[in-house]
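Coordinates in review
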Amino acid sequence: MRMVGRQLARFREAASLTQRELAAEFNLGEETVASIEQGRRPLKPDLAQRFDDRLDTKGALSVAVEHMPEVDLIPAWAEEYMDLEREALTLCFYANQALPGLLQTEEYAKAVFRSRVPAFSEGEVEAQAAARLGRQAILRRDPPPNLSFIIWEAVLRDHLGGAGTYREQLDHLRTCSGLTGIALQIMPLGRESHAALDGPFVLLETPDHQQLAYSETQRGSQLVSDQDEVSILSQKYAMLRTQALNAEDSRALLNRLLGEQ
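Let us look at the structure shown here. (Residues numbered from 1 in each chain as written. Predicted model: local features only at pLDDT ≥ 70, side-chain atom pairs only at ≥ 80, totals over all residues. Heavy atoms only, no water.)

1. Thoughts on the overall build of the protein chain
Looking only at helices and strands, one finds 13 helices and six strands in the protein chain. Dimensions along the principal axes, computed over C-alpha positions, put the protein chain at roughly 65 × 40 × 35 Å. Counting the 261 residues in the protein chain, one finds 44% classified as buried. Within the protein chain, contacts between residues at least 6 apart in sequence are counted, and of these 73% link residues at least 24 apart. (Helix = DSSP H or I, 4+ residues; strand = E, 2+ residues; numbered from the N terminus. Buried < 20%, exposed > 50% of the residue type's maximum accessible area, 1.4 Å probe, protein only. Contact = heavy atoms within 4.5 Å.)

2. Regarding empty space enclosed by the protein
Applying the stated rule across the entire model yields two cavities of 30 Å³ or more. In this model, the largest cavity occupies a volume close to 100 Å³. Lining the largest cavity we find 13 residues, and of these Arg41, Pro42, Lys44, Asp208 and Gln210 sit closest to its centre. Elements with a contribution of two residues or more to the lining of the largest cavity: α3 (30-37) and α7 (78-87). Its residues assigned to classes, the lining of the largest cavity comprises six nonpolar, three polar and four charged. Here the second largest cavity is characterised by a volume of approximately 50 Å³. Listed by contribution, the elements that provide at least two residues to the lining of the second largest cavity are α10 (153-157) and α11 (163-176). Ranked by residues supplied to the lining of the second largest cavity, first place goes to α11 with four residues. (1 Å grid on protein atoms, 1.4 Å probe; cavity = no way out; pocket = protein on both sides within 12 Å on 5 of 7 lines; lining within 4 Å. Points joined across faces, edges and corners; volume = space filled by probe spheres on them. Nonpolar A, V, L, I, M, F, W, Y, C, P; charged D, E, K, R; others polar.)

3. Regarding the nonpolar core
The nonpolar side chains of a soluble globular protein tend to be buried with one another. The biggest cluster of nonpolar side chains holds 31 residues, and the ones touching the most others in it are Leu91, Phe93, Phe149, Ile151, Leu156, Leu170 and Leu173. Not counting chain neighbours up to four residues away, the residues in contact with Leu91 comprise Tyr81, Glu85, Leu102, Ile138, Asn146, Leu147, Ser148, Val202, Leu203 and Leu204. Of all hydrophobic cores here, the second largest spans 19 residues; its members include Ala23, Phe26, Ala48 and Met68. (Core = buried A, V, L, I, M, F, W, Y, C linked by side-chain atoms within 4.5 Å.)

4. Overview of the state of the cysteines
By the definition in use, this model includes zero disulfides. The cysteine Cys92 is free of any disulfide, with Cys176 supplying the nearest cysteine sulfur at 16 Å. Judged by relative accessible area, Cys176 falls into the buried class, the value being 4%. (Disulfide = S-S within 2.5 Å.)

So yeah, pure geometry; function would need other evidence.
Here it is, written out as structure tokens:
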């Protein structure tokens, strides 16, 4: 990825274009071009072909992308996902283990990191929580991304961090549910069918309208770019939205949970 990125940078410079100018021509964010050139984001085949045509590279970028190892075509790094998250037009989260990081309060985030095995030091807990809260800057973006969250009710009933943290977190969720651009739905307990028993995942749309997915497991993470696989997860998410409570009923459930405290 770094080699292909440096090739793109060299071809761009030879064409007397800045990263901003190249990005503008292709309706991309400047950070997207920068990430590709730094090897932090893979260059996709369709974009490689368009760059080849614009920069008159005789297909060099397309050939390089075609022969990249699979591990580089689909990098399994959370850092790659976070780069994409910062710029995404749309983000859809299904969560059944812990609340999505974009909705966590500081104390809840610390409780999540204190639950880690093997344990973090207290300094590491503080640093990790601060980084997670820093990601929430996208909620204040102008314009903000479109955000959809589907959260299993069991996650909301878990008392991570204790009673005070629990109540603060539920109240924060209720506030977030009223923000422009955010749709919050709760998957209730007791259902007889469930479209996502295989676990949590995220769907996102990039500024250049690429559809991607991201999932985490006990020992790693995976960024999914294969469109057949993304389509399957998109179908799961569409079904989840019909199975979960609607936004109004989800907010009413949060009110009931807060009233039970």
